[in-house]
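Inside the fold
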Amino acid sequence: MTEHATDDRVVVLTGGTSGIGRVAARNLAAGGATVAVVGRDRERGADVADADAGDTSGEVWFHRADLATKSAVRDLAAELRDAYDRIDALVHNAGLSVDARTETADGIELTLAVNHLAPYLLTHELFDMLAASAPARVVVTASDVHRRATLALDDLQLTREYDALAAYARSKLATIAFTLELADRIPDDAGVTANCVHPGFVPSTGLFRDAPLRTRLAVRVAGLIPGVGTTVEDAAGRVCRLVTDERFGETTGAYVVDGEPASPASEAADPGIRARLWTASADLVGVDPDWP
Ligand SMILES: NC(=O)c1ccc[n+]([C@@H]2O[C@H](COP(=O)([O-])OP(=O)(O)OC[C@H]3O[C@@H](n4cnc5c(N)ncnc54)[C@H](OP(=O)(O)O)[C@@H]3O)[C@@H](O)[C@H]2O)c1
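In this report, the structure presented in the accompanying data block is examined. Within every chain, residues take consecutive numbers counted from 1 along the sequence as written. With pLDDT at 70 or above as the cut-off, local features in this predicted model cover only qualifying residues; side-chain atom pairs require 80 or more to be listed or tallied, and sums for whole chains, interfaces and linings still use all residues. Side-chain calculation: all heavy atoms of the structure are included, whereas hydrogens and water are not.

Some remarks on the layout of surface pockets
Here a cavity is any set of points on a 1 Å grid over the protein atoms alone where a 1.4 Å probe fits but cannot get out, and a pocket is any open set with protein on both sides within 12 Å along at least 5 of 7 lines; a residue lines the site when it has an atom within 4 Å of a point. Grid points are joined across faces, edges and corners, and a volume is the space filled by probe spheres set on the points. When its volume is computed, the largest pocket comes out at roughly 900 Å³. Along the wall of the largest pocket there are 46 residues; nearest its centre are G95, L96, Y168, T205 and L207. Secondary structure elements follow DSSP: runs of H or I no shorter than four residues count as helices, runs of E no shorter than two count as strands, and numbering proceeds from the N terminus. Broken down by secondary-structure element, the contributors of at least two residues to the lining of the largest pocket are α1 (19-30), β2 (34-39), α5 (164-185) and α6 (213-224). Per-element tally for the lining of the largest pocket: the top contributor is α6, with 4 residues. Gly is put with the polar residues, along with every residue not named as nonpolar or charged; the nonpolar set is Ala, Val, Leu, Ile, Met, Phe, Trp, Tyr, Cys and Pro, and the charged set is Asp, Glu, Lys and Arg. Of the residues in the lining of the largest pocket, the class split is 20 nonpolar, 17 polar and 9 charged.

Observations regarding the packing of helix α4 (residues 110-132) against α5
Axis definition: a line fit to C-alpha positions, over the contact stretch in the case of helices; interaxial angles, taken between N-to-C directions, run 0 to 180 degrees. As a packed pair, α4 and α5 sit with axes 7 Å apart at the nearest point and diverge in direction by 15°. Relative to α5, α4 is oriented roughly parallel. Every pair of crossing elements has a handedness; the one defined by α4 and α5 is right-handed. Within the contact between the two elements, α4 uses T111, L112, N115, H116, P119, Y120 and T123 and α5 uses A167, Y168, R170, S171, K172, A174, T175, F178 and L182. In the contact of α4 with α5, the residues fall into 8 nonpolar, 6 polar and 2 charged. Angular relationships are summarised with four words: roughly parallel below 35 degrees, roughly antiparallel beyond 145, roughly perpendicular across 65 to 115, and oblique for the angles in between. By convention the crossing between two helices is left-handed if the near helix lies anticlockwise of the far one by an angle smaller than a right angle, and right-handed if it lies clockwise. A contact between two residues is defined here by any heavy atoms of the two lying within 4.5 Å.

Digging into α1
Working rule for helices: expected span equals 1.5 Å times residues minus one. The end-to-end C-alpha distance of α1, which contains 12 residues, comes to 17 Å, matching closely the 16 Å that a straight helix rising 1.5 Å per residue would cover. Regarding α1, the residues found buried are I20, G21, R22, V23, A24, A25, L28 and A29. The positive-phi residue at the C-terminal boundary of α1 is G32, with phi of around 105°. Partly exposed residues are those whose accessible area sits between 20% and 50% of the maximum for their type, while under 20% is buried and over 50% is exposed, using a 1.4 Å probe and protein chains only.

As for the packing of aromatic side chains
Each aromatic pair joins two rings of Phe, Tyr and Trp (for Trp, the six-membered one) with centres within 6.5 Å, and gets the label stacked for planes under 30 degrees apart, edge-to-face for over 60, and tilted for any other angle. The final tally for this structure, using the stated rule, is 6 aromatic pairs. Arranged with centres 4.8 Å apart and planes meeting at 35°, the rings of W278 and W291 form a pair that is tilted. Of the two residues, W278 is situated in helix α10 (residues 271-285) and W291 in the segment after α10; the sequence distance between them amounts to 13 residues. Overall, the relative accessible area of 2% leaves W278 in the buried class. Feature note: the residues Y120, F178, W278 and W291 constitute an aromatic cluster, connected by ring pairs.

The analysis is restricted to geometry; functional conclusions fall outside its scope.
Right, dumping it as structure tokens:
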């Protein structure tokens, strides 16, 4: 694999091939970072790497991975270890919402797999590398829509009832709970922070392309209302701030809205619920829950 420049920060950014992540990748590369963009589609990946090549001081490299399965996440981690000698920031930005309940090849509900379990497993696989690169950061793109959800720890696979928006909101609640629990578990002297951010409502991205018709229509209508929603540039800026702002190299365990730590829904803040989710997640991805 190609040798990458190591004199600047190395940022791994999932979901960097479109929407918020694509703009975030460009911004981070413009600031001098080496950005390892992860996505499913080689053409979109080549496009983001090429588009960013000309006008940035950093670099963008593409790594193809479908984060829906455990083996793909593990393969990605191995590829990243091979390609870079350190990781200064791991940004979990990939996300999806699907109309009908779908199971991955591992038999896991797809929204949970991509939006929550992939960040859990990828962080697990790369944590030693992050710690060795300290100061380092884990950043998670969350969503304020998590407030509409309950975790339903007794039915994480959503077998009883499936609604696309509820499943998406639940996955975001899970990923916030994961971030806060991770921050608590990381030893104080490890030099690794973990924070998550609500980027704002961005109707123009591809996030809702597989959503039910009524959701797509609601998003389209909302996007036409002046003052509702955020531009993709502003949303990307909010994500990038957690990577670049000195403050988030010191602050850990924050859920950030409009640039400031905010209180997430009570389930995400509840240590008992977080601990149960942590163990259930470890079980679903097949790792020892006693980490980091
Ligand atoms: N748009 C909003 O209003 C909003 C609000 C709050 C939070 N967010 C969050 O912001 C993040 C970015 O979303 P976006 O709005 O920019 O949507 P987007 O344009 O659809 O981007 C989603 C990204 O995730 C990647 N992705 C999706 N499924 C994947 C998989 N199975 N494996 C690997 N990569 C996968 C996509 O890559 P490919 O399709 O190229 O593979 C794409 O790069 C998501 O986490 C989303 O939940 C969005």
